[in-house]
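If you want the building blocks of each chain, they are given just below.
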Amino acid sequence: MTEPNPASHPRTLTEVVTRLSASYYEESVINHLGEGTLPSRAATLAILTDVKDVLFPDHRLERRVRSGQTGYIIGGILEKIHSDLRQQIFQARTYDYAGAPPSPFTLEQADNDALAFLARLPDLRSMLQLDVQAAMDGDPAAHSFEEIIFCYPGFEAVGTYRIAHELHRLGVPLLPRIMCEAAHSFTGCDIHPGAAIGKSFFI
């Protein structure tokens, strides 16, 4: 491998800016200066946090959720999820993958996808309840359901997978992988959002 010539190195900040800017317009797999806007990783993970808040309100929300108040508190979070998720789905479906032609996908269709995802949350809670029970049944060191939900990295990974899998089923690109890879980094458990995993699953 040829060592770079020190004499060719930029010597001022202006030179660095000029060379770096020029590289953005060269043929490269890491460039993305197309018409479409990529979805935001930070916004996607914020949505994931909000979804977990409504799935486990007594465990995750900083505000205590008392009986009779759930409609107000959870409704406000769901409204935020719907708005944020609609935007990220739209961006994920319309940015130009590898120079592909722009998708005719509309914000109204993204709105429908976001609503379809939210409609699955009650069933998702039922599925996660079985996963928590499976952890309790399978691990003699588990002392409570709260301990599993708060502390078990395996359950964190499975919960994230369950959420991401619903978006995967809707055909939403990129967002499910962002979620699962964040859980992988945090827990060490690598689950693809497209994996087919049945009920009562415990790692």
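Refer to the structure printed above.
Throughout what follows, the structure given in this document is the object of discussion. (Residues numbered from 1 in each chain as written. Predicted model: local features only at pLDDT ≥ 70, side-chain atom pairs only at ≥ 80, totals over all residues. Heavy atoms only, no water.)

Looking at the pattern of salt bridges
- Going through the model one piece at a time under the given rule, you end up with nine salt bridges.
- Put simply, arginine 86 and aspartate 111 hold a salt bridge, and the shortest N to O gap is 3.4 Å. Note that arginine 86 is positioned in helix α4 (residues 70-94) and aspartate 111 in helix α5 (residues 107-119), a separation of 25 residues in sequence.
- The class of arginine 86 is partly exposed, set by a relative accessible area of 26%.
- Glutamate 166 is the salt-bridge partner of arginine 169, the closest N and O atoms lying 3.0 Å from each other. (Salt bridge = Lys/Arg side-chain N within 4 Å of Asp/Glu carboxyl O. Helix = DSSP H or I, 4+ residues; strand = E, 2+ residues; numbered from the N terminus. Buried < 20%, exposed > 50% of the residue type's maximum accessible area, 1.4 Å probe, protein only.)

Comments concerning the environment of threonine 106
- Assignment of secondary structure puts threonine 106 in the loop between α4 and α5.
- Taking the relative accessible area as the measure of exposure, threonine 106 reaches 35% and is therefore partly exposed.
- For the pair threonine 106 and threonine 94, spaced twelve residues apart in the sequence, the C-alpha separation amounts to 8.4 Å.

Brief notes about the packing of aromatic side chains
- Applying the stated criterion to the full structure yields two aromatic pairs.
- Aromatic pair phenylalanine 56 and phenylalanine 155: ring centres 5.8 Å apart, planes at 70°, arrangement edge-to-face. Taken together, the residues phenylalanine 56 in the loop between α2 (41-55) and α3 (57-60) and phenylalanine 155 in helix α8 (residues 153-169) connect sequence positions 99 residues apart. Judged on exposure class, the residue phenylalanine 56 and its partner phenylalanine 155 are both buried.
- Consider the rings of tyrosine 152 and phenylalanine 202, whose centres lie 6.4 Å apart with planes at 35°: the pair is tilted. One end of the pair, tyrosine 152, is in the loop between α7 (145-151) and α8; the other, phenylalanine 202, is in the segment after α9 (175-187), with 50 residues separating them in the sequence.
- By relative accessible area, tyrosine 152 is classed as buried at 14%. (Phe/Tyr/Trp six-rings, centres within 6.5 Å; stacked < 30°, edge-to-face > 60°.)

Re empty space enclosed by the protein
- In total, this model carries one cavity of 30 Å³ or more according to the counting rule given.
- The calculated volume of the largest cavity comes to roughly 30 Å³.
- Together, Ala157, Thr160, Tyr161, Cys180, Ala183, His184, Cys189 and Ile191 line the largest cavity.
- Looking at the lining of the largest cavity, the elements that each hand over two or more residues are α8 and α9.
- Classifying every residue of the lining of the largest cavity gives six nonpolar, two polar and no charged. (1 Å grid on protein atoms, 1.4 Å probe; cavity = no way out; pocket = protein on both sides within 12 Å on 5 of 7 lines; lining within 4 Å. Points joined across faces, edges and corners; volume = space filled by probe spheres on them. Nonpolar A, V, L, I, M, F, W, Y, C, P; charged D, E, K, R; others polar.)

Regarding the packing of α2 against α4
- In the contact formed by α2 and α4, the axes pass within 10 Å of each other and the chain directions differ by 150°. The orientation of α2 relative to α4 falls into the category roughly antiparallel. Classified by chirality, the crossing of α4 by α2 is left-handed. Of the residues in α4, those in contact with Ala43, Thr44, Ile47, Asp50, Val51 and Val54 of α2 are Ile74, Ile77, Leu78, Lys80, Ile81, Asp84, Leu85 and Gln88.
- For the contact of α2 with α4, the class distribution of residues is nine nonpolar, two polar and three charged. (Axes fitted to C-alpha atoms, helices over the stretch in contact; angles between N-to-C directions. Parallel < 35°, antiparallel > 145°, perpendicular 65-115°, else oblique. Left-handed = near helix turned anticlockwise from the far one by under 90°. Contact = heavy atoms within 4.5 Å.)

What about the environment of proline 39?
- Turning to its location among the elements, proline 39 is positioned in the loop between α1 (13-23) and α2.
- Of the residues examined, proline 39 reaches a relative accessible area of 11% and is grouped as buried.
- The spatial distance from the C-alpha of proline 39 to the C-alpha of threonine 94 is 9.5 Å, given a sequence separation of 55 residues.
- Among all residues touching proline 39, those that are not within four sequence positions of it are Gln88, Gln91, Ala92, Tyr95, Leu174 and Leu175.

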